[in-house]
Amino acid sequence: MRPTAASLEAAATASALACRLAHPADAVLSEFFRAHRELGSHDRALVAETVFSVLRHKRLLEALVPEPTPRRLALASLVKFGGISIAALNSLLGRDDHEWLVALKRSAPDTLPAAVRLSLPDWIWERLAGERGEQEAAAIARSLLNTAPLDLRVNTLRAARDEVLRALTADGIAAEPTPYSPVGLRVTGRPAINRHPLFASGAVEVQDESSQLSCTLLAPKRHEMVVDFCAGAGGKSLMLGALMRSQGRIYAFDVSAARLARLKPRLKRSGLSNLYAHPIANENDLRVKRLAGKIDRVLVDAPCSGLGTLRRNPDLKWRQSPQSVEELKAKQAAILRAAATLLKPGGRLVYATCSLLAEENEDIVAAFLAEHGNFQKLHCGGALKQQGIALDTGEFLKLFPHLHGTDGFFAAAMERKIPPTSL
């Protein structure tokens, strides 16, 4: 996609706004496009791709580009990572641009520190390398520099996966079944799924395969009482409802009424009648306390650093910090404790994050289990096998882009023990 003078200027301006890191990059782009309605669809696509490329490779580009202005960073990302030749940009280049772009094209940044080469803040690289070893940490970091695929979940209340696959193929949309989720499809390219009849009818929803697997791990049954504790816009709640064949009852809780409001049109499309969404003030809300000891299954998709989603949200690595992770850890522990009070004896609790850091994952679970002797850990590989899914990453569900093609993801399954019968 070759830029014009107007689209290059727009890409540079939008990149500068996104790199301020005051707001999420997708929100910055939405606001930018609302203010620049003169941009056509091709120009918008180029601007969006350039902004995300600059954010992805920001640290490396700033190390390689002399005087890295927003315009130079946009040009550098197009040449270094966008597949655009310098010759194709000739009409847009200033007098001194050609020289530094040629040097950039020939650069081999092998001598730079790993965190710079892989465009990570030092603190993230140090924690990943410390936990996984430098070789695996580098493989994870490289995979996070790629763009994420588009995964769909087939709503089995509306259609079968094979049926949806045939319909997409007939419309010229290339897709294939996801490797692990039995209701997932991985789409090639970026078709406008939200304008497709299958989306409008509720037959498909956009949902990463890792997220689908966390719902399968919870394994809700018909007629049960289920809580999605941090429901957000309700993607997991909708899948849980479909797994329950719209029987039983699901409560979707979230502290953000705005996020839950986005569930309303999705719920209408889905055909579910067993899902009830309620905003809560915090994890100790009275509505939560009233359900104590009454729930069969609880899913806690905890607020986290989101570092496993850097393929989609590259700005997160620059917006998070060791301090923000410390705050999140306290929140994660408090939410997990509160969610656990909801379960009946024998009930299942799944704690999940899209973080790569043990301190938000294994460490939170270990501390919880140490404090709650009435809970025991379940083996995630075994639990998935019971659902017919041949994916065994050990006692925890741990997914990585370079190994599984999903977002980076963690989940732990636990069960509230049934007390021994008293004599």
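Residues numbered from 1 in each chain as written. Predicted model: local features only at pLDDT ≥ 70, side-chain atom pairs only at ≥ 80, totals over all residues. Heavy atoms only, no water.

K.L.:
Where do I start with the layout of surface pockets in this structure?
P.N.:
When its volume is computed, the second largest pocket comes out at roughly 180 Å³. Lining the second largest pocket we find 13 residues, and of these Thr216, Ala219, Pro220, Gln386 and Gln387 sit closest to its centre. Each residue belonging to the lining of the second largest pocket can be placed in one class, and the counts come to seven nonpolar, three polar and three charged. (1 Å grid on protein atoms, 1.4 Å probe; cavity = no way out; pocket = protein on both sides within 12 Å on 5 of 7 lines; lining within 4 Å. Points joined across faces, edges and corners; volume = space filled by probe spheres on them. Nonpolar A, V, L, I, M, F, W, Y, C, P; charged D, E, K, R; others polar.)

K.L.:
So what exactly am I meant to see when it comes to the pattern of salt bridges here?
P.N.:
Pairs may arise between side chains of opposite charge once their charged atoms sit close together. Per the counting criterion, the structure on display carries 23 salt bridges. For glutamate 62, the salt bridge identified is with lysine 58, shortest N-O distance 3.4 Å. Separated by four residues within a single helix, glutamate 62 and lysine 58 lie in helix 4 (residues 58–64), roughly one turn from each other. Look at glutamate 62 and you get partly exposed, because its relative accessible area is 35%. Its relative accessible area of 15% is what places lysine 58 among the buried residues. One salt bridge connects glutamate 362 with lysine 398, and the closest N-O pair in it is separated by 2.6 Å. Taken together, the residues span a long stretch of sequence, with glutamate 362 in helix 19 (residues 362–371) and lysine 398 in strand 11 (residues 397–399) at a distance of 36 residues. A network of salt bridges, in which partner residues are shared, links Arg127, Glu326, Lys329 and Glu359. (Salt bridge = Lys/Arg side-chain N within 4 Å of Asp/Glu carboxyl O. Helix = DSSP H or I, 4+ residues; strand = E, 2+ residues; numbered from the N terminus. Buried < 20%, exposed > 50% of the residue type's maximum accessible area, 1.4 Å probe, protein only.)

K.L.:
How should helix 19 be read in this particular structure?
P.N.:
Residues lying three or four places apart along an α-helix face the same way, a consequence of the helix completing one turn every 3.6 residues. Along helix 19, the residues that are buried comprise Glu362, Ile364, Val365, Phe368 and Leu369. The arc that holds every buried residue of helix 19, seen down its axis, measures 160 degrees, which confines them to one face. Within helix 19, the exposed residues directed more than 90 degrees away from the buried face are Ala370 and Glu371. Where the residues of helix 19 are buried, they touch helix 18 (322–340), strand 9 (343–353), strand 10 (375–378), strand 11 and strand 12 (409–416). (Arc of directions from axis to C-beta. Contact = heavy atoms within 4.5 Å.)

K.L.:
What should I look at first to understand empty space enclosed by the protein in this one?
P.N.:
If you roll a probe as big as a water molecule over the atoms, it shows you where there is empty space left. Considering all chains together, one arrives at one cavity of 30 Å³ or more under this definition. The volume enclosed by the largest cavity comes to roughly 50 Å³. Lining the largest cavity are Arg153, Asn155, Gly202, Val204, Glu205, Leu238, Ala242, Arg266, Arg269, Ser270 and Leu272. Listing elements by their share of the lining of the largest cavity, those giving two or more residues are strand 4 (204–206), helix 13 (235–243) and helix 15 (263–270).

K.L.:
Mind showing me how you'd approach the packing of helix 12 (residues 209–218) against helix 13 here?
P.N.:
Angle between the axes and distance between the axes: these two values describe a pair of packed helices. Relative to each other, helix 12 and helix 13 sit at 45 degrees, their axes nearing to 10 Å. Taken together, the axes of helix 12 and helix 13 lie oblique to each other. Judged by the twist between their axes, the crossing of helix 12 over helix 13 is right-handed. Where helix 12 approaches helix 13, its residues Ser211, Gln212, Ser214, Cys215, Thr216 and Leu218 are matched on the opposing element by Lys236, Met239, Leu240 and Leu243. Residues that form the contact of helix 12 with helix 13 fall into these classes: five nonpolar, four polar and one charged. (Axes fitted to C-alpha atoms, helices over the stretch in contact; angles between N-to-C directions. Parallel < 35°, antiparallel > 145°, perpendicular 65-115°, else oblique. Left-handed = near helix turned anticlockwise from the far one by under 90°.)

None of this, on its own, says anything about what the molecule does.
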